[in-house]
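Each chain, written out:
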Amino acid sequence: MLSAGFVLTPAQIASSDLEQCIGCGICESVCPQGAVKLSTGESPHSVVDANSCRGCGICVAECPSGAMSLGGFSDEEILAEVMV
Ligand code: SF4
Ligand code: SF4
């Protein structure tokens, strides 16, 4: 892996909308990769480590505020695929 000089990561990685995030920490507790951490400070919010995220989508499904999304798989994009 190291001899290649680069590492391939999934195109679908999670990210959170800071305006919607309520800092509950659920995403941090459910991520099997340990890729999400809550920021510290007065109003904590989730921060995704793009190098660790494997794009499983668990945090997106568990987020109660809809702040977390998976690149290329927003609610709008999924609905557009299923609508005829
Ligand atoms: S998509 Fe999966 S691996 Fe990535 S941050 Fe969310 S729970 Fe963790
Ligand atoms: S689960 Fe959603 S609202 Fe809670 S900290 Fe994570 S992104 Fe923010």
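Residues numbered from 1 in each chain as written. Chains lettered and ligands numbered in written order. Predicted model: local features only at pLDDT ≥ 70, side-chain atom pairs only at ≥ 80, totals over all residues. Heavy atoms only, no water.

We now examine the overall build of the chain. Of the regular secondary structure elements, the chain holds 3 helices and 4 strands. Helices (α) and strands (β) of the chain occur, in sequence order from the N terminus, as β-α-β-β-α-β-α. Of all intrachain contacts in the chain linking residues separated by at least 6 positions in sequence, the fraction that spans at least 24 positions is 59%. Total accessible area computed for the chain in this model is approximately 5800 Å², and 56% of it derives from carbon and sulfur atoms. (Helix = DSSP H or I, 4+ residues; strand = E, 2+ residues; numbered from the N terminus. Contact = heavy atoms within 4.5 Å. Areas by Shrake-Rupley, 256 points an atom, 1.4 Å probe, with all protein chains shown as cover.)

Together, D75, E76, E77 and E81 give the surface a local cluster of negative charge. Mapping E81 onto the fold places it in helix 3 (residues 75-82). A relative accessible area of 63% means that E81 is categorised as exposed. (Patch = residues over 30% accessible without salt bridge, like charges linked within 9 Å, V, L, I, M, F, W, Y side chains within 5 Å. Salt bridge = Lys/Arg side-chain N within 4 Å of Asp/Glu carboxyl O. Lys, Arg positive; Asp, Glu negative; His and termini not counted. Charge placed at Lys NZ, Arg CZ, Asp CG, Glu CD. Buried < 20%, exposed > 50% of the residue type's maximum accessible area, 1.4 Å probe, protein only.)

Glancing now at the site of ligand 1. In the neighbourhood of ligand 1, the contacting residues comprise A14, C31, P32, Q33, V36, C53, R54, G55, C56, G57 and C59. Of the residues assigned to the shell around ligand 1, the class counts are 7 nonpolar, 3 polar and 1 charged. (Near = heavy atom within 4 Å. Nonpolar A, V, L, I, M, F, W, Y, C, P; charged D, E, K, R; others polar.)

Our next topic: the environment of N51. With respect to the element layout, N51 can be found in the loop between strand 3 (46-48) and helix 2 (58-62). Relative accessible area serves as the criterion here: at 60%, N51 is assigned to the exposed category. In sequence terms N51 and L8 are 43 residues apart; their C-alpha atoms lie 9.5 Å from each other.

This part is about the nonpolar core. In this structure, A14, C21, C27, C31, A35, V36, C53, C59, C63, A67, M68 and L70 together form the largest nonpolar core, which totals 12 residues. If we skip the residues at most four places from it in the chain, V36 touches C27, E28, C31, S46, V47, V48 and M68. (Core = buried A, V, L, I, M, F, W, Y, C linked by side-chain atoms within 4.5 Å.)

In this section: the site of ligand 2. Around ligand 2, 13 residues are found, and the nearest of them are C21, C24, C27, S46 and C63. Split by residue class, the shell around ligand 2 holds 9 nonpolar, 4 polar and no charged.

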